[in-house]
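Residues per chain, in single letters:
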Amino acid sequence: MSAELILRSKELFARVFQEPANVIVCAPGRVNLIGEHTDYNEGFAMPFCIGKYTVIAARRRTGATCRITSAGVPGAISTFPGDSSLSPGPEGDWTNYVRGVVFGMLPMLPGGSCAFDAAVVSDVPLGSGLSSSASLEVATATLLESIYRLGADPKGKALVCQKASTARSSRERHAPWASLPRRPRRSQAEQTFCNSPCGITDQFVCACGEAGHALLIDCRPPYATESVPLSDPRIALVVADSNVKPQLSGSEYPDRVQQCKDACAAMQAAGHSEVRHLRDATLSMLETVARSHALPEATVRRARHGISEDQRTLQAKEALKASDYAQVGRLMFASHASLRDDYRVSSPELDALVEIARGVPGVHGSRLTGGGFGGCTVTLLSRSAVPALLAAFEAEYPKRAGGRTASVFVVRPAAGAMLLQQGAGAEPLAGAPLSPQLSGVAKVTAALVLSAVAAAVIASKRQR
């Protein structure tokens, strides 16, 4: 994460609210290496955090009013209640991601309410399938955790953030925090903040990710995770943004969720009572039921992807642990083919990026990442092959995408959400303690960032 991003958040806060921030938190964007459209089938996914972050500079207030501003909406301050009267803003309002998290965390807060001023700065690309919304949600939860000393479990925090994105009942939204003190509050059943259907993968990795590792997530409660090494200096990861924005708010996503449920119901009706979700099924079960129950072809295809993608994800984990990058690459290409042909969530532009990558010597594998219908691809390759891949994308993609260009960048697995600074003015020179909940790697990462911030502050003062 760049020191400049922290400085920008602090400067924005001071300019808008006329006083210094005293808490700085961040949460990253993410890329899914493999395991797509599996989380809502209680399957497996293996994402990693990227070094692009949402940073929030903030200060706790008295009362129950929250004020927030963003560098992306210059000059605007959004104000909303931080208590049980909280309701969604207008449809499409970016603050709904913040409001949803605040609403979900109210039961743990003193008196069931909160108040803060906050300034948001982010370099996570918007609308590219790199989880800019999950980054904002997890950063918001980390802010509340920090200023109210909640000591929250990262997995519970991630689940609250995931619930904030969906139209769920208040009872469901509070479930992940059941072990924490509860305060009575008014029911707000079916309170919708973002109406953005999603599984748990994005928020989980943003909250729990570890630098230098992918995170294997078992999407069945209790949501076991395993850090998988992904820091071999011989390899590189390249993200290519097709610059086609994904659209997942229509019927495409819920239709596929329902088709997966229909396939499970058919297998249960055929005597496979153990099949609660696709992760419980096998391809042979599906093939038998497809013939005997005359399942629609689309339903069979969707289920085939879900079942086979779980298998590929677990195989990829073992291949990564064995440094067998050729095998990981084969699984990535197979994953893309399944997403394209069976799940039907790819696009001509994403297919073009994958095929361009396939033709570059040294590339192990490539696939779409995220929900699909646009967005990005992720490519695993030998580090020495990076220049050739970048040149191929620049030369070939416009020819295959109607003149459109791709935004391409090299990424490394980064740390998840962090409390960066806390204390008087959140000045980097004040030596504010880092959160005791940070891992050793995250503490080193945060310390290096703060050292860079300190150097930038000193340089800025000298220039004046």
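1. Considering unusual backbone geometry
Now for step 1: A cis amide bond links Pro 221 to the next residue, Pro 222, at an omega of 10°.
Now for step 2: Positioned with a positive phi, Arg 149 is a non-glycine residue whose angle comes to about 55°.
Now for step 3: Assignment of secondary structure puts Arg 149 in the loop between α3 (132-147) and α4 (154-164).
Now for step 4: Given a relative accessible area of 65%, Arg 149 falls into the exposed group.

2. Observations regarding the packing of helix α2 (residues 95-105) against α3
Now for step 1: Contact geometry for α2 and α3: axes closest at 9 Å, N-to-C directions at 40°. Classified by the interaxial angle, the pair formed by α2 and α3 is oblique. For the pair α2 and α3, the sense of crossing is right-handed. Residues Tyr 97, Val 98, Val 101, Val 102 and Met 105 of α2 lie in contact with α3, whose contacting residues are Ser 133, Leu 136, Glu 137, Thr 140, Ala 141, Leu 144 and Glu 145.
Now for step 2: When the residues that make up the contact of α2 with α3 are grouped by side-chain class, the tally is eight nonpolar, two polar and two charged.

3. So, α3
Now for step 1: When the terminal C-alpha atoms of α3 are compared, their 23 Å separation across 16 residues agrees well with the 22 Å that a helix rising 1.5 Å per residue should span.
Now for step 2: Burial of α3 is extensive: 15 of the 16 residues sit out of reach of the surface.
Now for step 3: Positioned one or two residues after α3, Arg 149 has a phi angle of 55°, which is positive.

4. Overview of the sheet that holds strand β8 (residues 235-241)
Now for step 1: Pairing is antiparallel in the open sheet, where four strands are placed in the order β9-β10-β8-β11. Two strands close off the open sheet at either side, each with one partner strand: β9 (363-369) and β11 (407-411). Taken pair by pair, the neighbouring strands of this sheet meet at an average axis angle of 20°, ignoring direction.
Now for step 2: Of the strand pairs in this sheet, β8 and strand β10 (residues 376-382) are connected by seven bridges, and their pairing is antiparallel. Residue pairing for β10: Val 238 is matched across the bridge by Thr 379.
Now for step 3: Together, β8, β9 and β10 form the strand contacts of helix α11 (residues 348-358), whose direction differs from that of β9 by roughly 175°.

5. Section: the pairing of β10
Now for step 1: Buried residues dominate β10, accounting for six of its seven residues.
Now for step 2: Where β9 meets β10, six bridges bridge the pair, whose relative direction is antiparallel. Bridging across to β10, Thr 369 finds its partner in Cys 376.
Now for step 3: Connecting β9 to the next strand, β10, in antiparallel fashion are six residues, including Gly 370 with a positive phi near 100°.

Conventions adopted
Residues numbered from 1 in each chain as written. Predicted model: local features only at pLDDT ≥ 70, side-chain atom pairs only at ≥ 80, totals over all residues. Heavy atoms only, no water. Helix = DSSP H or I, 4+ residues; strand = E, 2+ residues; numbered from the N terminus. Buried < 20%, exposed > 50% of the residue type's maximum accessible area, 1.4 Å probe, protein only. Axes fitted to C-alpha atoms, helices over the stretch in contact; angles between N-to-C directions. Parallel < 35°, antiparallel > 145°, perpendicular 65-115°, else oblique. Left-handed = near helix turned anticlockwise from the far one by under 90°. Contact = heavy atoms within 4.5 Å. Nonpolar A, V, L, I, M, F, W, Y, C, P; charged D, E, K, R; others polar. Expected span 1.5 Å × (residues − 1). Pairing = 2+ DSSP bridges.

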